[in-house]
Amino acid sequence: MSSGIDLQSSFIQALMDLGLSPGVAKTIWIPLPMVLIVGAVTVLALVATWLERKVSAAAQQRIGPEYAGPLGMLIPAADVVKLLFKEDILPAKTDPWLFAIAPLLVFIPVFLSYLIVPFGQNLLISDLGIGIFLWIALSSIAPIGLLMAGYASNNKYSLIGGLRAAAQSISYELPLALSVLAIAMMSNSLSTVDIVQGQSDYGILGWNLWRQPVGFVIFWIAALAECERMPFDLPEAEEEIVAGYQTEYSAVKFMLFYAGSYANLVLSALLASVLYLGGWESPISVSWLANLIGVSESTPWLQVITASLGIVMTLFKAYLFIFLAILLRWTVPRVRIDQLLDLGWKFLLPVSLVNLLLTAGLKLVFPVAFGG
């Protein structure tokens, strides 16, 4: 498999060619990935909010945004400007510190999780050996922020929303982790790069989707619940509890919840594509095509094409999942809190356990197909 472009090595080598020492070149590189990831995540989240408006309008036979930029594409930017200039209101008798820290506890872990998302073999911020475990650990922090926001708001609707968010997150965290564990077991690694490489041998037939169909369904249901998307948006159900834990928030603090929600949806879609749809791999292997036309995989122009194709394929697969999530939001009814808990504890958890045990058995019986 072609390794594609090594962004870090290429950047450092370019600076060294300009006369800088290796130490200075590496120092300049260190903050650059974080700046890139913040910019990229912001753009991806804004695109998701625009897509939500367009798909929801189509689902309800409305026009949707049209006049702010081409096809209304500047509406998300206008939302950001509006929230930046709104008055930041602090309700009476609140705990100001908890009230201010809660949005950060929701926002920061989501952005940190993007460190492990690969767009190519070398196109990621950090290839950690515990990458997928780090994501699960970071996702466990957000419910604390939601519960804190509900408690600190001094509002009964906010408190109920925060309690619902914590109960929902705990209920679906276990099935999500067990479905991911089955993938890690087949890949013999927790690294997201290794997981994609384990799906690269047979093109589309090598994707984990075919070997883990039950795990994929569990993962996506649990991911929707973690993102508080319909039919699992109980923590902020406007018809029942106004806006839940967000009720008392405004301006920048509300924007952090809003941006964190969409950034989490994009992150879940990206990881679904990495875990089950081969990540940056295209349905037809680039290596196979290169061998067919007699071109070496290390050819510079082929590496550029491979890296560009990897980014396009990862985003394309992720936005397919986002489109599905948006369509579900506008076509299915919201579940009750008892139905939500029953689904998580009485159905998804036992099924995910059986799926994990079945994967372990298949790994022993068919080691070639299941990563033995």
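On a predicted model such as this, the values are computed, not experimentally measured, just so you know.

Scoring rules and cut-offs
- Residues numbered from 1 in each chain as written.
- Predicted model: local features only at pLDDT ≥ 70, side-chain atom pairs only at ≥ 80, totals over all residues.
- Heavy atoms only, no water.
- Helix = DSSP H or I, 4+ residues; strand = E, 2+ residues; numbered from the N terminus.
- Buried < 20%, exposed > 50% of the residue type's maximum accessible area, 1.4 Å probe, protein only.
- Polar contact = N/O pair within 3.5 Å; in protein donor to acceptor, adjacent residues only side chain to side chain.
- Contact = heavy atoms within 4.5 Å.
- Expected span 1.5 Å × (residues − 1).
- Bend = angle between axes of the 7 residues up to and from the residue.
- 1 Å grid on protein atoms, 1.4 Å probe; cavity = no way out; pocket = protein on both sides within 12 Å on 5 of 7 lines; lining within 4 Å.
- Points joined across faces, edges and corners; volume = space filled by probe spheres on them.
- Nonpolar A, V, L, I, M, F, W, Y, C, P; charged D, E, K, R; others polar.

(A) Here's a closer look at the side chain of Ser171. Structurally, Ser171 can be placed in helix H8 (residues 156–187). For Ser171, a relative accessible area of 2% gives the class buried. One polar contact links the side chain of Ser171 to the main-chain carbonyl oxygen of Ala167, over a distance of 2.7 Å. Apart from residues no more than four positions distant in its own chain, Ser171 is found in contact with Leu341, Gly344 and Trp345.

(B) Quick peek at unusual backbone geometry. Of note in the backbone geometry, Gln61 takes a positive phi value of approximately 55° without being a glycine. In this fold, Gln61 is placed in the loop between helix H3 (32–59) and helix H4 (75–85). For Gln61, a relative accessible area of 77% puts it in the exposed group. Phi at Asn154 takes a positive value of approximately 55°, unusual for a residue other than glycine.

(C) Focus on helix H11 (residues 213–226). For H11, which comprises 14 residues, the first-to-last C-alpha distance of 20 Å matches the rise-based estimate of 20 Å (1.5 Å per residue) to within 8%. Summarising burial for H11: ten of the 14 residues are buried, a large majority. Along H11, the residues classified as buried are Gly215, Phe216, Ile218, Phe219, Trp220, Ala222, Ala223, Leu224, Ala225 and Glu226. Its buried side turned inward, H11 meets helix H6 (131–139), H8, helix H10 (208–211), helix H13 (251–276), helix H15 (300–329) and helix H16 (337–365).

(D) Structural detail: H16. With 29 residues, H16 ought to run about 42 Å at 1.5 Å a step, and its terminal C-alpha atoms sit 41 Å apart, in line with that. Roughly 35° is the biggest bend found in H16, and it falls at Leu348, with proline Pro350 one to four residues downstream. Summarising the contacts, the buried residues of H16 are in contact with H8 and H11.

(E) Main features of the layout of surface pockets. Taken as a whole, the largest pocket spans an internal volume of roughly 840 Å³. Lining the largest pocket we find 31 residues, and of these Glu236, Glu238, Tyr258, Tyr262 and Arg329 sit closest to its centre. For the lining of the largest pocket, the elements supplying multiple residues, two or more each, are H3, H4, helix H12 (238–241) and H13. Here the residues of the lining of the largest pocket are counted per class, giving eleven nonpolar, six polar and 14 charged.

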